[in-house]
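# Structural characterization, general
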Amino acid sequence: MSKVLLVDDEMTMVQMVAEMLREGGHEVFPFTNGNAAIAALETHSPELVITDLYFDKARAHGLEILQKARALNPPAVVIVITGFGSIETAVEAMKKGAYDYLEKPFKLEELKLCVQRALSYNEAISENFYLRKQLKKKYQFSQIIGSAPKMQAVFKLIERVADTDSTILILGESGTGKELVARALHFNSHRQHAPFVPINCSALPENLLESELFGHRKGAFTGAINDKQGLFQEADGGTILLDEIGSMSPTLQSRLLRVLQEREVRRVGDNTSTFVNVRVVAATNEPLEKKVRDGSFREDLYYRLNVIPIPLPSLRERIDDLPLLVAHFLKDKVNPRTGKPFQITRPAMDVLCAHGWPGNVRELENAIERAATLCEGNIIQVTDLPPSLLKNLSPEEVAALSVELSAATVTLPEIPTPALYPLNHTHDTTFLAAPESSGAQPGVPLKTFLREQEWAFLNRTMAQTGGDKEKAALLLGVSLATLYRKLSEDAPET
Ligand SMILES: Nc1ncnc2c1ncn2[C@@H]1O[C@H](COP(=O)(O)OP(=O)(O)OP(=O)(O)O)[C@@H](O)[C@H]1O
Ligand SMILES: [Mg+2]
């Protein structure tokens, strides 16, 4: 059954065609008025539109309906009907995307055939359209650029853990791509069709954050005028990103711990809980261990979250990736916006590479956007860069570095396509359950491999005991002192 919107100013004709379509099992929205039909396009999003070109004595309406229908729902198919045998208008309609046209008078049988063909065309197109959209979305969300070994390790880790339900802790300075990684995890997991819900835990005061996360019942506090669903429930089936987790208050930390342990949420002012199926990804730019040590972050929650840590390198640590990132921003962000291909001079690239980038990739992205906007022509040079990058240079030096334009542009590196880790991998999740079946490839030193296994196993045991070290030591069959020592060693490089 398909939804068909039908519009013609002749009532008898509308009735006849509508009846035929209903007999064919379709849901029909019949109209004799062009404006009403246009309004209905938005509400019903029909798969097929059959419209007269010349009704209301005005010529524009039919074409307007055609264009609107296609704009609102690109796979929609439109059959136009022309009353005056005007082949030019019919051709114009075809050019504007009509699927077919029929001249009045026509036999109902003719229309019926045309409808059948149009609908099977729509079916094929929709499927294709849907697939393309999905693919685009995946790529869009996975555009993580980096060829430095530390980034390769990140890609490998994402690939291994994306399609599991493990809790992930993404660690990295501001602007290193924590949210990007969280999205990549979500959109490369079986949860990709359910919501991805990010929330910044430092942006709201405690009570607001509590009702945002868990929801509230009407009347639970002053101002709670309606029942409200929390983000955990909104993310049901999908992924929640708890950004800046380190700033969560102790009360909320214990509530969160309960959600993680019991997979249930209770709204503020409610005494019953609801089961939720949500994958938790947390992110932080402050070292949580330090907060655990000074008592401002619950140790048991830390171990629950830190099951699989993904550390992101700062841009300083992978400065060799800078030209690649510059190429990416110019090609994929600046060029589509401005329609211009940009180049960059060698001295400008050198200044970029010498900067410390406290704001990491975000700061670089902004600097490139700004430079492209300010730059005259399409070659970015030193004078186009933000003043913060030039503060160690005298005006004379800046002038000297703004060389003869075309002489010294950098050949930007090719962005590997696709600039992301493979999407159709088979997910190796076994290493999460069984330490002996690691995804590590031969070539890794045995010591590294063993340390990786040990670390994963320690973390899982700590998570199981809720951070209780005595219990964990007992389970592991080691002394408490040994456990302390092992936990205080650095996490292995992945
Ligand atoms: N590896 C990368 N490749 C391409 N773009 C990146 C990369 N890392 C970060 N970016 C871009 O930098 C910007 C900041 O990234 P993101 O918001 O993910 O960082 P963050 O670590 O969450 O920052 P904050 O701590 O400030 O919230 C985004 O526009 C993102 O697209
Ligand atoms: Mg962020």
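Residues numbered from 1 in each chain as written. Chains lettered and ligands numbered in written order. Predicted model: local features only at pLDDT ≥ 70, side-chain atom pairs only at ≥ 80, totals over all residues.

Turning next to the overall build of the chain. If you tally the helices and strands in the chain, you get 21 helices and 16 strands. By residue count, 32% of the 494 residues in the chain fall in the buried class. (Helix = DSSP H or I, 4+ residues; strand = E, 2+ residues; numbered from the N terminus. Buried ≥ 20, exposed ≤ 12 C-beta atoms within 10 Å, placed from the backbone.)

Quick look at the site of ligand 1 now. Taken together, 17 residues are adjacent to ligand 1, and I145, G177, K178, E179 and V361 come closest. At the level of secondary structure, the elements contributing two or more residues to the shell around ligand 1 comprise α7 (178-187) and α15 (360-374). Each residue belonging to the shell around ligand 1 can be placed in one class, and the counts come to four nonpolar, nine polar and four charged. Each of domain 2 (144-311) and domain 3 (318-408) gives at least three residues to the shell around ligand 1. (Near = placed C-beta within 6 Å. Nonpolar A, V, L, I, M, F, W, Y, C, P; charged D, E, K, R; others polar. Domains from an automatic or database assignment.)

This next bit is on helix α1 (residues 11-23). If you check α1, its first and last C-alpha atoms are 18 Å apart, about what 13 residues at 1.5 Å a residue would give, namely 18 Å. Those residues of α1 that fall on the buried side of the exposure criterion are V14, V17 and L21. Take α1 and look down its axis: the buried residues cluster within an arc of 75°, on one side only. For α1, the exposed residues lying more than 90 degrees away from the buried face are M11, T12 and E23. (Expected span 1.5 Å × (residues − 1). Arc of directions from axis to C-beta.)

What follows deals with the pairing of strand β6 (residues 168-171). Within a regular strand, side chains alternate between the sheet's two faces. Across four bridges, β6 lies against strand β13 (residues 279-284) in parallel orientation. Among the inter-strand pairings, I168 is bridged to a residue of β13, identified as V281. By the bridge criterion, four bridges tie β6 to strand β14 (residues 308-311) in an arrangement that is parallel. Counterpart to L169 in the pairing with β14 is P309. (Pairing = 2+ DSSP bridges.)

Turning our eyes to something else, we now look at unusual backbone geometry. Here the amide bond leading from K104 into P105 is cis, since omega sits at -10°, within 30 degrees of zero. Position of P105 among the secondary structure elements: in the loop between β5 (100-103) and α5 (108-141). Its identity is not glycine, yet E244 carries a phi of approximately 55°, on the positive side. Take E244: it is sitting in the loop between β10 (239-243) and α10 (250-262). Assessed through the 18 C-beta atoms surrounding it within 10 Å, E244 is described here as partly exposed.

When two helices pack together, their arrangement is given by the angle between the helix axes and by the axis-to-axis distance. At a minimum axis distance of 10 Å, the contact between helix α13 (residues 322-338) and α15 shows a crossing angle of 50°. Our classification of the angle between α13 and α15 gives oblique. Regarding α13 and α15, the two cross each other, and that crossing is right-handed. Along the contact surface, α13 presents L325, V326, F329, L330, V334 and T338, while α15 presents V361, L364, E365, I368, E369 and A372. Grouping the amino acids of the contact of α13 with α15 by side-chain chemistry returns nine nonpolar, one polar and two charged. (Axes fitted to C-alpha atoms, helices over the stretch in contact; angles between N-to-C directions. Parallel < 35°, antiparallel > 145°, perpendicular 65-115°, else oblique. Left-handed = near helix turned anticlockwise from the far one by under 90°. Contact = placed C-beta atoms within 7 Å.)

An order of β7-β10-β13-β6-β14 is seen for the five strands of this open sheet, with the pairing classed as parallel. Each edge of the open sheet is held by one strand with a lone partner, namely β7 (196-200) and β14. Averaged over all pairs of adjacent strands, the angle between their axes in this sheet comes to 20°, without regard to strand direction. Contacting β6, β7, β10, β13 and β14, α7 runs over the sheet at an angle of about 165° to β10.

All right, on to the packing of helix α8 (residues 206-214) against α10 then. With their axes 10 Å apart at the nearest point, α8 and α10 run at an angle of 15° to one another. For the element pair α8 / α10, the angle class is roughly parallel. The two elements α8 and α10 cross, and the hand of that crossing is right-handed. Contact residues: α8 offers E206, L209, E210 and F214, while α10 offers T251, L252 and R255. Here the contact of α8 with α10 is built from residues that sort into three nonpolar, one polar and three charged.

This next bit is on the nonpolar core. Membership of the largest hydrophobic core comes to 77 residues, with the highest contact counts inside it found for I170, V181, F232, I240, V281 and I368. By residue number, the principal contributor to this core is α13, which donates seven residues. In contact with V281, not counting residues within four places along its chain, are I168, I170, A182, L185, T239 and L241. V17, F31, I50 and A118 belong to the second-largest nonpolar core, a separate cluster that totals 31 residues. (Core = buried A, V, L, I, M, F, W, Y, C linked by C-beta atoms within 7 Å.)

Turning to the environment of L385, a few remarks are in order. Position of L385 relative to the elements: it lies in the loop between β16 (379-380) and α16 (387-390). Here L385 falls in the buried class, since 25 other C-beta atoms lie within 10 Å of it. Once the C-alpha coordinates of L385 and C375 are considered, the two residues, ten residues apart in sequence, prove to be 9.1 Å apart. Ignoring anything within four residues of it in the chain, the contact list for L385 reads A348, V351, A367, A371 and L390.

With that settled, the discussion passes to the sheet that holds β5. Strand order in this open sheet of five strands is β2-β1-β3-β4-β5, and the pairing throughout is parallel. With partners counted over all chains shown, the strands left at the sheet margins are β2 (27-31) and β5, one partner each. Along the sheet, successive strands turn relative to each other by an average axial angle of 15°, direction set aside. In terms of strand pairing, strand β1 (residues 3-7) meets strand β3 (residues 48-52) through four bridges, oriented parallel. Within β3, the position partnered with L6 by the bridge is I50. Packed on one face of the sheet, α1 meets β1, β2 and β3 and runs near 175° to β2. Sheet strands touched by helix α2 (residues 34-44): β1 and β2. Its angle to β1, the strand with the most contacts, is close to 170°.

Nothing here speaks to function; it is geometry throughout.
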